[in-house]
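Structural overview
These are the residues of each chain, in order.
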There are 2 protein chains.
Amino acid sequence: MPPHIVSHIANLPSVTPFVGPEALERQRGVKFRARIGANESVFGPSPRVVEAIARAAAESWMYGDPEQHELKAAIAAHHGVKAENVAVDSGIDALFGIVVRLCVEPGETVVTSLGGYPTFIFHCDGLGARLVRVPYKDDREDWPALLDAARRENARLLYFANPDNPMGSWVGASAVQTLIDGTPDGCLLILDEAYSDTAPPDAIPPLDMSNPSVLRFRTFSKAYGMAGVRVGYCLGHADVIRHFDKIRNHFDVTRMSQAGAIAALADQAYLAEVVARIARARARIGEIATANGLKALQSATNFVAVDCGRDGTYARKVLAELIARGVFVRMPGVAPLDRCIRISAGTDADLALLAEMLPQALKAAAT
Amino acid sequence: MPPHIVSHIANLPSVTPFVGPEALERQRGVKFRARIGANESVFGPSPRVVEAIARAAAESWMYGDPEQHELKAAIAAHHGVKAENVAVDSGIDALFGIVVRLCVEPGETVVTSLGGYPTFIFHCDGLGARLVRVPYKDDREDWPALLDAARRENARLLYFANPDNPMGSWVGASAVQTLIDGTPDGCLLILDEAYSDTAPPDAIPPLDMSNPSVLRFRTFSKAYGMAGVRVGYCLGHADVIRHFDKIRNHFDVTRMSQAGAIAALADQAYLAEVVARIARARARIGEIATANGLKALQSATNFVAVDCGRDGTYARKVLAELIARGVFVRMPGVAPLDRCIRISAGTDADLALLAEMLPQALKAAAT
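Residues numbered from 1 in each chain as written. Chains lettered and ligands numbered in written order. Predicted model: local features only at pLDDT ≥ 70, side-chain atom pairs only at ≥ 80, totals over all residues.

**Observations concerning the sheet that holds strand β6 (residues 188–192) of chain B**
Residue and element names in this part refer to chain B. Ordered in space as β2-β8-β7-β6-β5-β3-β4, the 7 strands form an open sheet in which the pairing is mixed. The two strands at the open ends of the sheet, each matched to only one other strand, are β2 (86–89) and β4 (130–134). If you compare each strand with its neighbour and ignore which way they point, the axes differ by 20 degrees on average. Judged from the 4 bridges that link them, strand β7 (residues 214–219) and strand β8 (residues 232–235) form a sheet pairing that is antiparallel. For Arg-216, the partnering residue across the bridge sits in β8 and is Leu-235. (Pairing = 2+ DSSP bridges. Helix = DSSP H or I, 4+ residues; strand = E, 2+ residues; numbered from the N terminus. Axes fitted to C-alpha atoms, helices over the stretch in contact; angles between N-to-C directions.)

**Section: the relation of the copies chain A and chain B**
If you rotate chain A by 180 degrees and push it 0.0 Å along the axis, it lands on chain B with an RMSD of 0.0 Å. With respect to symmetry, the two chain copies, as superposed, fit the operation of a two-fold axis. Among all C-alpha atoms of chain A, that of Ala54(A) lies closest to the rotation axis, at 2.2 Å. A high fraction, 100%, of the interface residues of chain A reappear at the interface in chain B, so the copies pair face to face through one surface. (Least-squares fit on C-alpha atoms with pLDDT ≥ 70 in both. Contact = placed C-beta atoms within 7 Å.)

**Quick look at the sheet that holds strand β4 (residues 130–134) of chain A**
All names here are of chain A. If you walk across this open sheet you meet the 7 strands as β2-β8-β7-β6-β5-β3-β4, and the pairing is mixed. The sheet is open, and its two edges are formed by β2 (86–89) and β4, each paired on a single side. Within this sheet the neighbouring strands show an average axis-to-axis angle of 20 degrees, counted without direction. Relative to strand β8 (residues 232–235), β2 runs antiparallel, the two sharing 4 bridges. Bridge pairing in β8 links Val-88 to Tyr-233. Most of the contacts of helix α6 (residues 118–127) go to strand β3 (residues 109–113), to which it runs at about 160 degrees, and overall it touches β3, β4 and β5 (157–161).

**Thoughts on the domain arrangement of chain A**
Residue and element names in this part refer to chain A. The domain boundaries assigned to chain A delineate domain 1 (7–44 + 269–366) and domain 2 (47–267). Taken over C-alpha atoms, the centre of domain 1 sits 24 Å from the centre of domain 2. Each partner contributes to the interface: domain 1 provides 30 residues, whereas domain 2 provides 30 residues. Looking at the side of domain 1 that touches domain 2, the elements with two or more residues in it are α1 (7–10), α12 (268–291) and β10 (303–307). A per-element tally of the side of domain 1 that touches domain 2 places α12 first, with 6 residues. (Domains from an automatic or database assignment.)

As structure tokens, then:
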């Protein structure tokens, strides 16, 4: 007889929050020519990161430090906080799983945006949380409405991404600070700042480690170009951060990943160079969109949401036609966001291919 | 105000299941001269693994395949099962966390051994499970008593390690099969075979993927020498395995780790060589123990439990004196197992240092 599976999991579908480009390549039987769909950094990690990982590989018979002492110290120094304010795990995704388990019991409420980050929702579903979703407003997460919902629904968690994925939009630091200050008692604000490295400085409020109502999430997966290395962290009050140790997988962050992340932090010149390249790529995506009669949304991230000008059915056709032409891109999952396709900052070659294939894809989608 | 923390976590201590050797080194202000306490493989991974990781580092801007297609295929081929019978995550520890969440609700019962694997218990504690612990018998996990307890207590999970950690003991395949067959309805048998690569062949019952009552856990952390790479997997009925996708972190296994594990599986000659070296090291640890008037327990793992001949207080003194002399070893946490210290298979140099320091440690502990 099969084992007992807890009720809130038994009936969930066996899905992945994201279908990987590798799965699409296996379906199509051919590799993508441009991989600009997962908001990875095509510019790659710092060469020093690659060296650090290769060096650590020879020592990989040793477990990584479960206290992540050196990495936490480097992160703390980088942000001017203490190590006790830092929790590290294998990507923001893993940290979201931990926070949901720390703060939410099955049936309790989590507030997020309708169309917000799927993996956060995946972890809420896996725990049997009750989700309240607030529609976007003008392609931005509607923070006053999110705050109202958190108060009204007695939410345990409130999720807010700034800059936002999948739209690339952002709000200013003063609005974020109002959101932080307004988070109701008993609720924790999940402030997802995965794209903070590419954001305008005035979008990121100062870090305040004395406030236990908010955690700030950062990652090496985006501008640092280390998505496959799996290191994310969050910053917050020591009294909140200390709970992570109670349920996290203490050996989760590999020895190579810890070494790689330390090397990445030490090479801020490389990060600055990549951020500049991302800005140029965003501008080029905007030009390509305009040349094809489409509208590129303003972006503070390493991708651009391009409004295809019609509904989700049409945008999905455009997407399929691009994929059929070897260009891996993705798109938001729900209306009205799904009138857009989402294109990550690419190399010159990637974007040349996009410029070549987009007119063909639009023509094919129109028929 | 601090956020709400769920009741079964709020009162847990913020501990690590294991204190890493790095933490001890930081306390002592000096590096260990022999790192033979965490059952890592001092013989390291295959050179092909190191190469594969270094190669993958340059591509680490890409997320690893969330379906782990190639790695699962390689594991399935290695064991003669199907990919649908394989779940992979960042070490057996991570898989244990998933299984506990899949099968147990707070207050439900899990049966394990008194002195059994701490990280499994850590995950049970983190979920608020009720733990029933069965004493070892003659330094072996007492499988008939474990089975009785699982039936009597209506357990959701039953944990059994074969070969066992921390004692190194094992039971034969027919006993394990009786345990598998006797696992009660509604209970899942967690068969931890982390040390199967160093076990006598007749300790491992044949794989049977048609039985949904048992999952078999394997790892690259021990004989494969890849503890810092974080890859473990479990084998089982497809109807059980498919639940993992519902709550696992789909990107958890890094791009380097997937490449490294594939390379490791392809180099079985290296594994065989390491297993032979482990056997020689076990014999050498036995000689050193005997020469010091201590008894080495028989072991089917990559470590040897050495009975110090008195109680836990004395063994803890011996352990502290070895650590003070630069030899990192560990020991079981509870009586009567804690009359032993646990020494991992070391290099010739590691064991020469052990042979030098053990008499001094015993002398110091006796005073």
